[in-house]
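Each chain is listed here by its residues.
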Amino acid sequence: MLRTRRIGLTTRSDRKSSVAIVGGGASGTILAAQLARRGIESVVIEGRGRAGRGIAYSTTEPAHLLNVRAEGMSAWAGEPDHFVKRFERDGGERRGFAERRLFGRYLREILDEAVASGGAEVIERTAVRADRDRGRWRIGLGDGSSVEAQALVLAVGNQEPEPLSAFAGAGHRFIRNPWGDDARAAVAELAATGEAALLVGTGLTMVDLVLSLEAAGHRGKIIALSRRGLIPRSHADFEPAPIRSSDLPANLRALFRWLRRRSAEVGWRAAVDSLRPHSQPLWRGLSRDEQRTFLRHVRPWWDVHRHRIAPDVAVTVARLIGEGRLEVLAARIVGAREREHGLEVDFRRRGGSAVQSGTFGYAFSCIGPLHSITRTKDLLLRNLLDSGQVRPDRLGIGLEVEGTARVGEHLWAMGPLTKGRYWEIIAVPDIRDQAGAVADDIERELSR
Ligand SMILES: Cc1cc2nc3c(=O)[nH]c(=O)nc-3n(C[C@H](O)[C@H](O)[C@H](O)COP(=O)(O)OP(=O)(O)OC[C@H]3O[C@@H](n4cnc5c(N)ncnc54)[C@H](O)[C@@H]3O)c2cc1C
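Here goes a summary of the coordinates provided. Please read these numbers as outputs of a predicted model, since none were measured by experiment. The numbering scheme is per chain: residues are counted from 1 as the chain's sequence reads. pLDDT decides what is reported in this predicted model: residues at 70 or higher carry local features, side-chain atom pairs at 80 or more are listed and counted, and totals for whole chains, interfaces and linings draw on all residues regardless. To get the side-chain values, all heavy atoms of the structure are used, and hydrogens and water are removed first.

1. Remarks on the pattern of salt bridges
The salt bridge definition used is simple: a Lys or Arg side-chain nitrogen within 4 Å of an Asp or Glu carboxyl oxygen. Enumeration over the complete set of coordinates arrives at 45 salt bridges. Here R108 and D112 are joined by a salt bridge, their closest N and O atoms 3.1 Å apart. A residue pair is termed a helical-turn pair when its members lie 3 or 4 positions apart in one helix, as R108 and D112 do in helix α3 (residues 100–116) at four residues. Note that R244 is salt-bridged to D247, the shortest N-O span being 3.4 Å. Under the scheme used here, helices are H or I runs from DSSP no shorter than 4 residues and strands are E runs no shorter than 2 residues, and both carry numbers assigned from the N terminus.

Next comes the structure, spelled out in structure tokens:
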């Protein structure tokens with residue numbers, strides 16, 4: 001028999017309605033807090049024990065820093081110093097880059113406050129399906145129990161990357177999930193043996209792993225490779241050069257020319273950041289072909305300039321490159337084989353035809369999240385997609401969204417699931433605005 005937790009309209013006069021939020025990362029946490037402030041009760045369903053932290057902020061490593069200054073990381077749009085005040089109490093500075101685990105603690109406190117106020121409840125289970133039943137959502141959980149709620153919000157974050165086919169025969173020496181226990185164990189083993197590490201992908205995940213290896217005492221060689229070999233640039237102070245949206249061209253080619261020209265005038269950091277307030281409408285104004293062109297050709301360049309790393313982190317990366325311990329290559333993996341003495345990997349450098357080989361203790365996938373939403377392994381998303389209750393967006397990278405974040409009847413999605421519509425919707429400043437808008441939507445809809 002199914003055990004059902006019914007949370008709908010409560011008898012308490014200060015509660016108006018109730019919401020099930022699947023995913024307890026930054027998106028789910030900030031939304032639960034927003035709803036609690038409005039007197040709307042929610043239940044946060046978190047499947048991997050990361051309630052209040054999610055993937056980004058459950059790291060325990062001091063070396064992993066935020067890539068946004070503390071002053072930009074408040075969970076509340078109307079209280080810009082909310083995080084800074086707590087960070088300063090811990091000896092941090094407003095324009096500094098906090099440890100991600102501290103930010104995780106901050107988010108967890110926010111969730112705990114919502115729970116303590118009676119506005120939220122956390123259920124540590126995986127949601128595996130969701131169905132409409134007599135005007136309510138019934139969310140099936142992995143243990144066979146279920147939750148009923150009037151509204152459902154999908155805040156399940158980025159999806160696990162696809163397996164890399166070149167590593168099909170690589171056995172346990174290829175680490176698919178750079179955030180899991182296997183990755184931590186592999187880092188410790190590499191530190192002990194001094195064997196070389198291969199990092200496939202050269203973005204922020206690669207940087208995290210380099211820092212983990214360094215902090216663990218690994219002194220062997222690290223090779224990081226991606227098709228273009230671009231690595232994230234460093235934050236630095238600059239004079240902002242804001243622009244009006246009317247100054248911006250509307251098509252991708254002209255926009256790119258504008259950015260080059262503007263970078264020459266005011267510096268690339270000021271030029272890139274001046275687009276930030278306009279990036280969502282700019283993205284929505286592009287045609288589907290332009291959006292595809294951006295994803296295929298411009299994105300690697302955009303990512304490394306837009307999502308910059310803390311200066312201290314950049315110094316470490318530069319030092320390791322200078323010492324010859326970290327080598328960043330523009331190359332493609334051709335094949336990989338597990339051997340008794342390690343993982344043998346063949347790769348071809350960009351523009352070259354010769355195949356090079358190297359032997360590594362472990363290779364880590366740092367390629368970033370899954371690109372195609374229809375290939376998700378998340379059971380809940382699979383169920384909703386297969387049953388036609390949600391649809392992929394026109395690029396197939398997230399869900400089709402109406403209005404702010406609505407993806408179905410009394411159904412909303414947040415964060416990375418809405419990137420097809422907004423593109424820039426992954427960082428906390430964007431997520432907190434979206435959480436406010438979704439909470440407004442829910443409040444309006446459930447009080448009808
Ligand atoms: C390594 C890293 C560093 C980052 N650093 C910064 C930064 O410094 N500043 C910044 O602004 N942004 C940063 N970001 C971006 C951004 O803050 C995160 O992407 C953001 O935290 C996304 O939060 P989320 O809640 O949408 O997703 P997630 O953090 O992925 O959380 C989703 C949660 O949903 C749970 N879940 C998934 N499916 C189910 C299911 N079926 N049932 C139950 N639970 C489920 C997962 O266990 C997970 O805990 C970083 C991102 C990463 C990956």
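2. As for the environment of H172
Tracing the backbone through its elements, the reader meets H172 in the loop between β8 (151–154) and β9 (174–175). Sequence spacing of H172 and S234 is 62 residues, and the spatial spacing of their C-alpha atoms is 34 Å. H172 has contacts with E338 and Y362, leaving out every residue within four places of it along the chain. Any pair of nitrogen or oxygen atoms within 3.5 Å is treated as a polar contact; in protein, a donor-acceptor pairing is required on top of that, and neighbouring residues in sequence qualify only through side-chain atoms on both sides. One polar contact links H172 to E338, side chain to side chain, over a distance of 3.1 Å. In what follows, residue pairs with any heavy atoms lying within 4.5 Å of each other are defined as contacts.

3. Details of the nonpolar core
Throughout this description, the term nonpolar core refers to a set of buried Ala, Val, Leu, Ile, Met, Phe, Trp, Tyr and Cys residues connected via side-chain atoms within 4.5 Å. We call a residue buried when its accessible area falls under 20% of the maximum for its residue type, exposed when it is over 50%, and partly exposed in between, using a 1.4 Å probe and counting protein chains only. Counting 43 residues, the largest nonpolar core has V19, I21, L31, F83, F103 and V153 as the members making the most contacts within it. In contact with V153, not counting residues within four places along its chain, are V19, A20, I21, V22, L31, W412, M414, V438 and I442.

4. Focus on the site of the ligand
In the region of the ligand, 36 residues are neighbours, and S27, E46, Y57, N67 and D378 sit closest. Here an oxygen atom of the ligand and a backbone polar atom of N67 are 2.6 Å apart. The separation between a nitrogen atom of the ligand and a polar main-chain atom of A127 is 2.9 Å. Within the complex, 92% of the 990 Å² of free accessible area of the ligand lies under protein. Put simply, Ala, Val, Leu, Ile, Met, Phe, Trp, Tyr, Cys and Pro go in the nonpolar bin, Asp, Glu, Lys and Arg in the charged bin, and everything else, Gly too, in the polar bin. By residue class, the composition of the shell around the ligand is 20 nonpolar, nine polar and seven charged. For this description, a residue counts as near a given molecule or strand if any of its non-hydrogen atoms is within 4 Å of it. The accessible surface values rely on the Shrake-Rupley method and a 1.4 Å probe; as for residues, cover is taken only from the protein chains in view.

5. Concerning the pairing of strand β14 (residues 355–360)
Should DSSP find at least two bridges between two strands, the strands are taken to pair. Direction of pairing for strand β13 (residues 342–349) relative to β14: antiparallel, over a ladder of six bridges. Residue R348 lies in a different strand from β14, and its bridge partner there is V355. Between the antiparallel neighbours β13 and β14 lie five residues, among them G351 with a positive phi of about 80°.

6. Let's talk about the sheet that holds strand β4 (residues 120–123)
Strands pair in a sheet through their backbones, by hydrogen bonds, and they do so in one of two ways: parallel or antiparallel. The strand order across the open sheet built from six strands is β4-β3-β2-β8-β17-β16, with neighbouring strands paired in mixed fashion. The open sheet has two edge strands, β4 and β16 (406–408), and neither has a second partner. Strand-to-strand twist across the sheet, computed as the mean angle between neighbouring axes with direction ignored, equals 25°. Of the pairings in the sheet, the one linking β16 to strand β17 (residues 411–413) comprises two bridges and is antiparallel in character. Its bridge partner lying in β17, R406 is registered against W412. With respect to the sheet, helix α1 (residues 26–37) is in contact with β2 (18–22), β3 (41–45), β4 and β8, its orientation differing from that of β2 by roughly 170°. Axis definition: a line fit to C-alpha positions, over the contact stretch in the case of helices; interaxial angles, taken between N-to-C directions, run 0 to 180 degrees. Helix-sheet contacts for helix α13 (residues 428–446) involve β2, β8, β16 and β17, and the interaxial angle to β17 is about 175°.

7. So, the sheet that holds β9
Read from one edge to the other, the open sheet built from seven strands follows the order β9-β15-β10-β11-β12-β13-β14, with strand pairing classed as mixed. Strand pairing shows two members of the sheet lacking a second neighbour, β9 and β14, which therefore form its edges. Note: strand β11 (residues 222–226) against strand β12 (residues 326–339), five bridges, orientation parallel. Counted as the bridge partner of I223 is E327 from β12. Contacts from helix α4 (residues 181–193) reach β9, β10 (197–200) and β15 (362–365), with the element oriented near 145° to β15. Sitting on the sheet, helix α5 (residues 204–216) is in contact with β10, β11, β12 and β15, with an inclination near 160° to β10.

8. A look at the environment of V68
For V68, the position within the fold is in the loop between β3 and α2 (82–89). The partly exposed category is assigned to V68, whose relative accessible area is 22%. Sequence-wise, V68 and R308 are 240 residues apart; in three dimensions their C-alpha atoms are separated by 8.1 Å. Aside from chain neighbours lying at most four places away, what touches V68 is M73 and F97.

9. What about the pairing of β10?
Neither face of β10 is exposed, since A197 and L199 on one face and L198 and V200 on the opposite face are all buried. As defined by bridge partners, β10 adjoins β11 across four bridges and the pair is classed as parallel. Note that in β11 the partner of L199 across the bridge is A224. Looking down the strands as they point away from you, a crossover is right-handed if its path from the first strand over the helix to the second goes clockwise. With α5 bridging β10 and the parallel β11, this β-α-β connection has right-handed handedness. Bridge count between β10 and β15: four bridges; the pairing is parallel. If you follow L198 over to β15, its bridge partner there is A363.

10. Structural notes on the packing of α1 against α3
Where α1 meets α3, the closest approach of the two axes is 9 Å, and the angle between their N-to-C directions is 35°. Every pair of crossing elements has a handedness; the one defined by α1 and α3 is left-handed. Contacts between α1 and α3 involve A26, T29, I30, A32, A33 and A36 from the first element and L107, I110, L111 and A114 from the second. Considered class by class, the residues forming the contact of α1 with α3 number nine nonpolar, one polar and no charged. With the far helix as reference, a near helix turned anticlockwise by less than a right angle produces a left-handed crossing, and one turned clockwise produces a right-handed crossing.

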